[in-house]
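Okay, here's what each chain looks like letter by letter:
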Protein chains: 2
Amino acid sequence: MKKESAIKQIKETLGPQGWSNDPDIMAPLLTDSEGGPQGNALILACPANTEEVSTVLQLCHQANIPVVPQGGNTGCCGGAIPNQTGTEVLLSLRRMNRIRDLDSTDYTLTAEAGCILHDLKHAAEEANRFFPLSLGAEGSCQIGGNLATNAGGINVLNYGNTRDLVLGLEVVLPDGTLWNGLRRLRKDNSGYDLKHLFIGSEGTLGIITAVTLKLFPLPHTSVTSCCALSNLESGLSLLAIAREYSGDQVNSFELLPRIAMEMIAKHRNDLRLPFPSDEAQWYVLMELNSSRKNDDLAALTETILEEAFTKNMITNAIIAQSEQQRNQLWSIREAAVEVQKSEGYSVSHDVAVPVSKVAELIKLTCERASELLPGIRPYPFGHVGDGNIHFNFFKPDDMTDIDFKGLTSKIHTLVYETVNELNGSISAEHGIGRAKTDELEIYRSAIEISLMKAVKETIDPSYLMNPGKVINQKT
Amino acid sequence: MKKESAIKQIKETLGPQGWSNDPDIMAPLLTDSEGGPQGNALILACPANTEEVSTVLQLCHQANIPVVPQGGNTGCCGGAIPNQTGTEVLLSLRRMNRIRDLDSTDYTLTAEAGCILHDLKHAAEEANRFFPLSLGAEGSCQIGGNLATNAGGINVLNYGNTRDLVLGLEVVLPDGTLWNGLRRLRKDNSGYDLKHLFIGSEGTLGIITAVTLKLFPLPHTSVTSCCALSNLESGLSLLAIAREYSGDQVNSFELLPRIAMEMIAKHRNDLRLPFPSDEAQWYVLMELNSSRKNDDLAALTETILEEAFTKNMITNAIIAQSEQQRNQLWSIREAAVEVQKSEGYSVSHDVAVPVSKVAELIKLTCERASELLPGIRPYPFGHVGDGNIHFNFFKPDDMTDIDFKGLTSKIHTLVYETVNELNGSISAEHGIGRAKTDELEIYRSAIEISLMKAVKETIDPSYLMNPGKVINQKT
């Protein structure tokens, strides 16, 4: 089939509401939140249902047109952005935003891929249930994108990554065939578990159109605390005892470095820091939650923190005594992300190591970065309870942005080499997208890359699904 | 390479302790716990380490010899039994039983595939940690077999299936290549998640030689109760509120039918039933656990059961007041499996439906079975909290075993058709093995079967790994 004819049929299938080539409408969809290279697209396709997705993929398959699926476009690695050639179809799932089913006895919810995460969480709450996935972009990211990237966030410790929250998937394969795997079973050992192939594959094996998710009891109580750590290692010991003492109900355990407190003090005088910013080098924000009625998590948190004091793990701590104080603590955590933009250009990484190796990762990386560039300002923060550090770097005060940017790839290499030494991952929760495909080939073994390529070529032999993302095409 | 030469080299590689063709040694490994058809093997290979597994697979690959991996041989579907031709190598992992690492800060344990589940659990406990996988065969099953079949058991409700407990795998691929995916990361979004392909693939894609597992805080308290249900539906409502009220700490929720109580009364007069066997039609054994110190789970259980009484979900209940009483309740659950052997031949199934559909599954299946054979005695029991029912049938009192056996395939069809109507699974936790490959092709969609075959042929194009299991070879 000729490309022109396929595009004509796509337009007919989707109807006037279902496609666009208006540059104003397309512009915000052609670059991602990190401001990576601007893309271009043949057409924006917005199918209204699974059948339309299937037809679009079938037509593109017949005409050899690549397809780039996109959710809420909140990614950080360019995974949902078409390349610059203008030869790809950009397929947005945003019109597919229905909740198909919510069963509170089953603790399950079935929704289309374009549902906004916040809306799903809200629907669950209305039914006295909890969908735990929680991340900064939840007001605009879509569950389909969360699935495609196996999103992480701040509740992984107790509830798992997106992958762990899935019971079933509906997927349109690269040739337009529909796989209906929307089962809502807690146990199912009938053959290979195909859903895990698609989750985290960033749209390179097909398009997830719907999902059945696990729900949980709605927490009635959350108690948030902030601790000044004696040192990094003791933070990890604190987590270990907190898991024990709490009945494994630590949902968040987030690291904040002194530099974050200092930047917040500098840029956000509307916020009150829990401690003077020079109280310690490292802080953690810890939250326990529980669906038990009248569960005294405050007393439990006190017990944990007393034990931590006694064992010299922490030097100071506060426990939020009200919802307002809890929100204040979380505002600090959110500000630790936002203030970085006020501070200027940074070189960023999203890495993971075993939880017990986090202190070593931070120490080694900071030492090596200082050797490379004396005065460099490391800014490691984030989901330390998962061993996941957002490891960013700011330039020395007396350096120009241009000179610092020139060191970007050296800093990347330094971080990834250190992560690799500690048997870690160069992408903990953001995925590979188009930003890290070369690094993936370096830091995964040859056999692993060849298995991934074999899977890719089995399911998408023509490399039509989100080409150039995750897996480099064989040359 | 000639087969004779490959076998000779395998013997040399493994040394005199590492192989056998003694019929007495091999006999117990050639039939499974369900007494399926007896197999035969060219040789029993017992490699002592990963390198030896790799060499054996490489030699077999070169000489085109099929390989059947075997763990503790406690499976129910013939998945670890060679066929009758005597042309396959039976590869036992039993000598690979070392624990390589246990890190209590990471809450992880790395072990070889041949470790016995009980030994892993014990090692974790010694380090004040908990490995939750628990099933009847835990004294002899091996973790490699648990991984190959994605084993379930009695703690899935709160901790997940075996799949959910895995952080990393080491796998020898069909041509002998080693994939070292033994990462111990809580977050890792760097490319396709290959480990989930191998977990649950029953040795048809390669041999899992080692695993890194998640550990959990060791529970300090467990409170077990037994309830007489008003009806089946109310059992599921009880579970829903128990999850809410307990802070989602229900680890077991097991169904026992009246027929089980009656058979236990008949065959096991050493055991004391919690209620007269005619107290109700259905009973559940519920257990909460917690790693909190001094956690008053008994009071919590009382609150849950009071609520259940008030809402007419249950008619009677007892809470175990001592470890001895707790053991007595669990003895009843275990006896519900054992007494079936005393009662005689049964037609058995291991099926799952959505939790909210269990009552409908049981009602429909019992009705249809009675239509097929008036007087048939259904015996549905097990992991109702996971929607997983072991749905067995005994003959009417006045029928011969031979006549009843003649109906086996009709009963299978009746059960699987009903499960399929309710969007369930024909194998919840036992896997497919060689017993259910034909049923898999019937009850999974054509596209799903073709995806599975495509994956199989990508990784094992010559069908040398555990042939005839899970996936039927294309003809």
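Residues numbered from 1 in each chain as written. Chains lettered and ligands numbered in written order. Predicted model: local features only at pLDDT ≥ 70, side-chain atom pairs only at ≥ 80, totals over all residues. Heavy atoms only, no water.

(A) Structural view of the sheet that holds strand β15 (residues 314–319) of chain A. All names here are of chain A. The strand order across the open sheet formed by 4 strands is β13-β14-β12-β15, and the pairing between neighbours is antiparallel. Of all the strands in the sheet, the pair left with one neighbour each is β13 (250–257) and β15. With strand direction ignored, the average angle separating the axes of adjacent strands in the sheet is 20 degrees. Pairing geometry for strand β12 (residues 221–229) and β15, over 5 bridges, is antiparallel. Paired with A228 across the bridge in β15 is N316. The sheet contacts of helix α8 (residues 232–245) involve β12, β13, β14 (282–290) and β15, and relative to β13 the element is tilted by about 170 degrees. This element, helix α10 (residues 297–310), spans β12, β14 and β15 of the sheet and lies at about 170 degrees to β15. (Pairing = 2+ DSSP bridges. Helix = DSSP H or I, 4+ residues; strand = E, 2+ residues; numbered from the N terminus. Axes fitted to C-alpha atoms, helices over the stretch in contact; angles between N-to-C directions. Contact = heavy atoms within 4.5 Å.)

(B) How the structure looks around the pattern of salt bridges. Summed over the entire model, instances satisfying the criterion amount to 62 salt bridges over all chains. Linking A:R184 and A:D103 is a salt bridge whose minimum nitrogen-to-oxygen distance equals 3.1 Å. Note that A:R184 is positioned in the loop between β9 (178–181) and α7 (195–198) and A:D103 in strand β5 (residues 99–103), a separation of 81 residues in sequence. For the pair formed by A:R184 and A:D103, the shared burial category is buried. Note that B:D386 and A:K187 form a salt bridge whose closest N and O atoms lie 3.2 Å from each other. Here A:K187 lies in the loop between β9 and α7 and B:D386 lies in the loop between β18 (377–381) and β19 (388–394), a pairing that spans two chains. Taken individually, B:D386 and A:K187 each receive the classification buried, so the pair is uniform in this respect. The network of salt bridges with common partners includes A:R98, A:R100, A:E112 and A:E170. (Salt bridge = Lys/Arg side-chain N within 4 Å of Asp/Glu carboxyl O. Buried < 20%, exposed > 50% of the residue type's maximum accessible area, 1.4 Å probe, protein only.)

(C) Seen up close, unusual backbone geometry. Although it is not a glycine, A:N128 adopts a positive phi angle of roughly 60 degrees. Structurally, A:N128 can be placed in the loop between α4 (117–126) and β7 (129–130).

(D) Region of the structure containing the interface of chain A and chain B. With 88 residues of chain A at the contact, the number on the chain B side is 88 residues. In total, about 7,200 Å² of surface goes out of reach between chain A and chain B, with carbon and sulfur atoms giving 54% of it. The largest per-residue losses of area from chain A upon contact with chain B belong to A:K187, A:N189 and A:Y192, which jointly make up 15% of the total buried on that side. Between the two partners, chain A and chain B, sit 14 salt bridges. The salt bridge involving B:R183 is made with A:E448; its shortest N-O contact spans 2.7 Å. Among the secondary structure elements, those contributing two or more residues to the side of chain A that touches chain B are β9, α7, β11 (216–217), α8, α10 and α16 (446–459) of chain A. No other element matches α16(A), which puts 9 residues into the side of chain A that touches chain B. Each residue belonging to the side of chain A that touches chain B can be placed in one class, and the counts come to 35 nonpolar, 31 polar and 22 charged. (Buried area = accessible area lost by both parts, 1.4 Å probe. Nonpolar A, V, L, I, M, F, W, Y, C, P; charged D, E, K, R; others polar.)

(E) Inspection of the relation of the copies chain A and chain B at higher detail. The operation relating chain A to chain B is a screw motion whose rotation component is 180 degrees, with 0.0 Å of axial translation and a residual RMSD of 0.0 Å. Here the copies are linked by what is in effect a two-fold axis. Identified as the residue of chain A closest to the rotation axis by C-alpha distance is A:H196, at 3.1 Å. The overlap is high: 100% of the interface residues of chain A also sit at the interface in chain B, so the same surface is used on both sides. (Least-squares fit on C-alpha atoms with pLDDT ≥ 70 in both.)

(F) Just the packing of helix α8 (residues 232–245) of chain B against helix α12 (residues 358–372) of chain B, in detail. Residue and element names in this part refer to chain B. The geometry of α8 relative to α12 is characterised by a closest axis approach of 8 Å and an angle of 160 degrees between their N-to-C directions. As the angle between them shows, α8 and α12 are arranged roughly antiparallel. The two elements α8 and α12 cross, and the hand of that crossing is right-handed. On α12, the residues that touch L232, E233 and L236 of α8 are V358, A359 and I362. Of the residues that constitute the contact of α8 with α12, the class distribution is 5 nonpolar, no polar and 1 charged. (Parallel < 35°, antiparallel > 145°, perpendicular 65-115°, else oblique. Left-handed = near helix turned anticlockwise from the far one by under 90°.)

(G) Summary view of empty space enclosed by the protein. The full count for this structure, using the stated rule, is 5 cavities of 30 Å³ or more. Approximately 60 Å³ is the volume found for the second largest cavity. The wall of the second largest cavity is formed by A:L157, A:L239, A:R243, A:V355, A:G385, B:T105, B:D106, B:Y107 and B:R186. (1 Å grid on protein atoms, 1.4 Å probe; cavity = no way out; pocket = protein on both sides within 12 Å on 5 of 7 lines; lining within 4 Å. Points joined across faces, edges and corners; volume = space filled by probe spheres on them.)

(H) Quick look at the pairing of β5(A). All names here are of chain A. In terms of strand pairing, β5 meets strand β6 (residues 108–112) through 4 bridges, oriented antiparallel. Residue pairing across strands places D103 opposite T108, the latter belonging to β6. Taking the residues between adjacent antiparallel strands as the criterion, β5 and β6 are bridged by 4 residues, where Y107 takes a positive phi near 55 degrees.

(I) Fine view of the domain arrangement of chain A. All names here are of chain A. With domains assigned, chain A is organised as domain 1 (3–92), domain 2 (99–217), domain 3 (219–343) and domain 4 (346–430). If you average the C-alpha positions of domain 2 and of domain 4, the two centres end up 31 Å apart. Every contact between the two is made by 8 residues of domain 2 and, on the other side, 4 residues of domain 4. Of all residues in domain 2, T149, G153 and L157 give up the largest surface area on contact with domain 4, accounting jointly for 57% of the area buried on that side. Remark: the boundary between domain 2 and domain 4 carries 0 salt bridges. Grouping the constituent residues of the side of domain 2 that touches domain 4 by class yields 4 nonpolar, 4 polar and no charged. (Domains from an automatic or database assignment.)

(J) Just α12(B), in detail. Helix length check: α12(B), at 15 residues, gives a terminal C-alpha distance of 21 Å against a target of 21 Å (1.5 Å per residue), a fit within 8%. Taken residue by residue, α12(B) has B:V358, B:A359, B:L361, B:I362, B:L364, B:T365, B:C366 and B:A369 as its buried positions. (Expected span 1.5 Å × (residues − 1).)

(K) Fine view of the side chain of A:H383. Here A:H383 lies in the loop between β18 (377–381) and β19 (388–394). Here the side chain of A:H383 touches A:E254 through a polar contact of 2.8 Å, side chain to side chain. Filtering out sequence-adjacent residues up to four positions away, A:H383 remains in contact with A:G153, A:I154, A:F253, A:E254, A:R333, A:N388, A:H390, A:E429 and B:K187. (Polar contact = N/O pair within 3.5 Å; in protein donor to acceptor, adjacent residues only side chain to side chain.)

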